[in-house]
Amino acid sequence: MATGRGRLRTFAARPRECSETVNAGIKSLYLTPPVKPKPSVRIESMPSEMLLKIFSYLDAVSLLAVGCVNKRFHELANDNGIWLKLYSSSLHPKRTIWKMKSKQTETVSLGCAALHDKGPGYWKKEYIFKKTSAFKTRVMRLVKFLDPYTGLPCKNKEAMKVSGLSWIIVLKDKNGKEHVVEKPNLSFKDTSLTVLWHGTDWPCLDMLSTLKLFGVTPLLPDQSIPPNSNGPRRFSLIAEYHLANLTENSVVVGADELVQLFSLSPGLLVGMWKGKNEIAFVMANLHYNHLLERSILGSATVQYSPPPNRPLLDDIDSEYGLHDYRLHLDLHGRNCMYLCGSFKCLFCRKRDIENGYVRLVVVNLKDNRKHLPIIGTLGICWETDVFKGNVKDCFVMDLTLLDETGMPFWCFSDPVRMELSTRSSGLYDYMGHVYTADYADSEGKVCVEFVWLEETKEYIIVSLVLYVSTKKVNSWYGTNY
């Protein structure tokens with residue numbers, strides 16, 4: 001029908017013509033052969049030569065990741081030609097010369113033995129070994145810088161940044177399944193590091209068998225990019241703890257309205273929700289003595305073992321190994337520092353050796369000039385995604401005892417609980433409740449005595465005595481006490 005001059009005209013199709021058009025379309029659907037889809041090209045179906053060419057443009061970290069895709073990729077990613085190229089370009093061995101061309105790179109070496117006489121993956125292993133050796137050497141150089149105040153490494157933060165070091169815990173249940181917990185909160189002190197993990201989807205305690213603490217570093221660290229948790233990493237086992245019957249076999253450190261704290265040696269604190277069989281958080285207290293070595297130089301199954309001390313025998317000094325000790329002592333609650341002190345010229349007479357222990361008096365009960373005030377109310381701070389709190393009447397003790405040459409002799413960082421003593425203070429200067437805090441391990445014991453002053457709301461350390469095992473002294477100095 002025409003709508004007027006200068007306008008578009010529309011016409012309705014006749015019924016017969018419409019039916020013929022529909023029939024023709026239906027016939028074309030059945031008579032026209034189907035169009036075959038173009039075959040999709042998948043990278044797995046490519047020839048090996050083409051894949052090797054693609055892989056030759058990847059860096060070492062990407063090659064290691066590609067090798068985890070499937071068996072074929074693993075074999076191709078181990079190609080000696082690719083890894084020899086990476087080895088030569090990054091480490092520059094003397095016997096290899098590189099000639100760069102426009103479309104290819106050729107390796108000219110003394111004969112073809114570098115490629116054909118080596119087994120699959122040889123140059124991959126050599127590359128990783130050389131890289132990790134250079135990395136460990138660079139990090140261990142930082143360990144040599146010691147703090148004259150504590151006798152411990154003073155560049156731990158720099159070493160962590162260089163190495164990309166972090167710490168994780170692996171919870172293993174009774175069925176063998178492992179649950180990895182990462183991204184902890186770190187708290188640095190003068191002589192220790194406190195690492196705190198918390199989460200909401202941890203397995204029930206009844207299902208868990210062990211907890212492993214690892215130091216984790218990138219397999220091929222690169223300071224120009226941040227560490228990737230999905231990339232290849234190296235694990236160094238620091239400690240392993242058994243969680244079976246945790247509430248019965250561990251030491252109860254303290255509790256507040258929400259959590260109860262259990263201590264496992266060495267240095268681990270497990271917070272359990274009250275009224276539930278669930279873990280709220282895990283806190284590891286790591287002393288700086290050999291911390292970097294334990295976090296980097298161990299393996300996934302074997303802990304790093306420091307070299308034994310070589311004793312310097314002294315035939316002149318009749319009391320060799322019994323004097324000139326130095327002590328650095330920190331008491332803290334993860335976020336709060338209560339005491340930081342150093343003590344020199346600690347000694348023990350031969351006649352004072354009793355029951356297999358060398359007795360070192362740090363704070364004498366009768367000498368009120370050396371009594372130490374405590375800053376704040378003692379307690380350990382904790383936190384999760386939702387809650388936070390402070391468990392009172394406990395603290396973390398960081399002890400560093402140096403020998404007469406300034407070498408770390410006895411070191412630990414462990415939670416300690418306080419107990420109210422049944423006896424009252426016999427001192428005229430301090431009238432108040434007496435609290436004791438004791439620590440013991442295979443190398444010695446620590447006994448601390450506090451007095452609570454109600455008027456000033458503070459604790460005073462009136463006695464501090466170290467008991468060092470004579471077995472430890474004899475093995476360190478080569479003596480026979």
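The residue count restarts for each chain, going from 1 along the sequence in the order it is written. In keeping with the predicted nature of the model, local features appear solely for residues at pLDDT of at least 70, side-chain atom pairs appear and are counted solely at 80 or more, and the whole-chain, interface and lining totals rest on all residues. For the side-chain quantities, the full set of heavy atoms in the structure was used; hydrogens and water were omitted.

**Some points on the overall build of the protein chain**
And step 1. Strands here mean DSSP runs of E at least two residues long; helices mean DSSP runs of H or I at least four residues long; both are numbered from the N terminus. Each helix and strand counted, the protein chain has 11 helices and 24 strands in total.
And step 2. Categorising residues by exposure relies on relative accessible area from a 1.4 Å probe, with only protein chains included: less than 20% of the type maximum marks a residue as buried, more than 50% marks it as exposed, and the intermediate range marks it as partly exposed. Considering the protein chain as a whole, with its 481 residues, one finds that 42% of them fall into the buried category.
And step 3. Accessibility throughout is a Shrake-Rupley quantity obtained with a 1.4 Å probe, and a residue counts as covered only by protein chains that appear here. About 28,100 Å² of surface is accessible on the protein chain, with carbon and sulfur atoms providing 54% of the total.

**Observations regarding the sheet that holds strand β6 (residues 192-198)**
And step 1. By definition, two strands form a pair when at least two bridges between them are found by DSSP. The 6 strands are arranged β5-β6-β12-β11-β10-β9 in an open sheet whose pairing can be described as antiparallel. What marks the edges here is a single partner per strand, and that holds for β5 (185-188) and β9 (251-255). Averaged over neighbouring strand pairs, the angle between their axes works out to 20° when direction is ignored. The axes are straight lines fitted to the C-alpha atoms, using for helices just the contacting stretch, and the angles between their N-to-C directions are given from 0 to 180°.

**Brief notes about the environment of Leu365**
And step 1. Relative to the elements of secondary structure, Leu365 occurs in the loop between β15 (357-363) and β16 (372-373).
And step 2. Leu365 gets classed as partly exposed once you look at its relative accessible area, which sits at 31%.

**What to know about the side chain of Thr400**
And step 1. Positionally, Thr400 belongs in strand β19 (residues 394-402).
And step 2. Within polar-contact distance, the side chain of Thr400 engages the side chain of His287 at 2.8 Å.
And step 3. Apart from the residues lying within four places of it in its own chain, the contact partners of Thr400 are Thr150, Leu152, Thr191, His287, Arg326, Leu327, His328, Trp410 and Cys411. Within 3.5 Å is the distance limit for a polar contact, defined as a pair of N or O atoms, with the added protein rule that one can donate a hydrogen and the other accept it, and that residues adjacent in sequence qualify only through two side-chain atoms. Here a residue-residue contact requires only that any non-hydrogen atoms of the pair lie within 4.5 Å.

**So, the nonpolar core**
And step 1. Judged by nonpolar contacts, the single largest core of 42 residues is most densely connected at Phe395, Leu401, Val446 and Phe450.
And step 2. Per-element tally for this core: the top contributor is strand β24 (residues 458-469), with 5 residues.
And step 3. Residues within four places of Leu401 in sequence aside, it is in contact with Tyr325, Arg326, Leu327, Leu346, Leu360, Met407, Pro408, Phe409, Trp410, Leu466 and Val468. As used here, the term nonpolar core means buried Ala, Val, Leu, Ile, Met, Phe, Trp, Tyr and Cys residues forming a set that is joined through side-chain atoms within 4.5 Å.

**Notes on helix α11 (residues 470-477)**
And step 1. In terms of residue burial, α11 counts as a mostly covered element, since 6 of its 8 residues are buried.
And step 2. Taken residue by residue, α11 has Thr470, Lys472, Val473, Asn474, Trp476 and Tyr477 as its buried positions.
And step 3. Just downstream of α11, Gly478 is the residue with a positive phi angle, here 75°.

**Some remarks on the pattern of salt bridges**
Two side chains with opposite charge may pair up if their charged atoms get near one another.
And step 1. Salt bridge criterion: a side-chain nitrogen from Lys or Arg within 4 Å of a carboxyl oxygen from Asp or Glu. For the coordinates displayed, the defined rule picks out 7 salt bridges.
And step 2. Salt-bridge contacts for Glu383 lead to Arg334; the nearest nitrogen and oxygen are separated by 2.9 Å. Placement of Glu383 in strand β17 (residues 379-383) and of Arg334 in the loop between β13 (325-332) and β14 (337-346) is noted, with a sequence separation of 49 residues between them.
And step 3. Residue Arg334 is classed as buried on the basis of its relative accessible area, which comes to 4%.
And step 4. Put simply, Glu443 and Lys472 hold a salt bridge, and the shortest N to O gap is 3.6 Å. Of this pair, Glu443 sits in the loop between β22 (433-440) and β23 (444-453) while Lys472 sits in helix α11, placing them 29 residues apart in sequence.

**With respect to the sheet that holds strand β8 (residues 233-242)**
And step 1. Read across the open sheet, the 4 strands follow the order β4-β3-β7-β8; overall the sheet is antiparallel. Only two strands of the sheet have a single neighbouring strand rather than two, namely β4 (178-181) and β8. With direction set aside, neighbouring strand axes in the sheet form an average angle of 25°.
And step 2. As defined by bridge partners, strand β3 (residues 166-173) adjoins β4 across 4 bridges and the pair is classed as antiparallel. Each residue of the ladder has a partner; that of Leu171, found in β4, is His179.

**Some points on a nonpolar patch on the surface**
And step 1. Patches were defined on residues exceeding 30% relative accessible area and lacking a salt bridge, with like-charge contacts within 9 Å and nonpolar side-chain contacts (Val, Leu, Ile, Met, Phe, Trp, Tyr) within 5 Å. On the surface, a cluster of nonpolar side chains totalling about 240 Å² of accessible area is made up of Ile43, Met50 and Ile54.
And step 2. Counting through the fold element by element, Ile54 comes out in helix α2 (residues 48-55).

**Focus on the packing of aromatic side chains**
Think of a pair of aromatic rings as described by two things: how far the centres are apart, and how the planes are tilted against each other in angle.
And step 1. Put simply, two rings from Phe, Tyr or Trp (the six-membered ring, in Trp's case) pair if the centres are within 6.5 Å, and we call them stacked under 30 degrees between planes, edge-to-face over 60, tilted for the rest. Counted under the stated rule, the structure contains 19 aromatic pairs.
And step 2. Ring centres of Phe55 and Phe73 lie 5.5 Å apart, and the angle between their planes is 80°; this geometry places the pair in the edge-to-face category. On the criterion of sequence distance, the pair formed by Phe55 in helix α2 and Phe73 in helix α4 (residues 71-77) is long-range, its members being 18 residues apart.
And step 3. Take Phe73: its relative accessible area is 5%, and that puts it in the buried class.
And step 4. Ring plane angle 55° and centroid distance 5.5 Å describe the contact between Tyr325 and Phe409, whose orientation is recorded as tilted.

**Quick word on the pairing of β5**
And step 1. Looking at chain direction, β5 and β6 are connected through 4 bridges and run antiparallel. Each residue of the ladder has a partner; that of Asn185, found in β6, is Leu196.
And step 2. Following β5, the chain reverses through 3 residues before pairing antiparallel with β6.

**What about the confidence of the model for the protein chain?**
And step 1. In this model, the protein chain carries an average pLDDT of 83, and 83% of its residues clear a pLDDT of 70 or more.
And step 2. pLDDT under 50 marks residues 1-13. Its contacts with residues more than four places away, or in other chains, come to 5 contacts.
And step 3. Confidence per residue, as judged by the predictor, is encoded in pLDDT with a range of 0 to 100. Under a pLDDT of 50 for its full length, residues 93-111 has, in the predicted model, 25 contacts with residues more than four places off or in other chains.

**Remarks on the side chain of Thr479**
And step 1. By secondary structure assignment, the location of Thr479 is in the segment after α11.
And step 2. Within the local environment of Thr479, its side chain forms a polar contact with the side chain of Asn474, the two groups lying 2.9 Å apart.
And step 3. With residues up to four places along the chain from it excluded, the contact list for Thr479 reads Tyr320, Val473 and Asn474.

**Here's the deal with unusual backbone geometry**
Comment: phi is negative for the bulk of residues other than glycine, and the bulk of peptide bonds are trans.
And step 1. Cis peptide bonds are those with omega within 30 degrees of zero, and the linkage from Ser265 to Pro266 qualifies with 5°.
And step 2. Relative to the helices and strands, Pro266 is located in the loop between β10 (259-264) and β11 (268-273).
And step 3. We note that Arg334 has phi near 80°; this positive angle belongs to a residue other than glycine.

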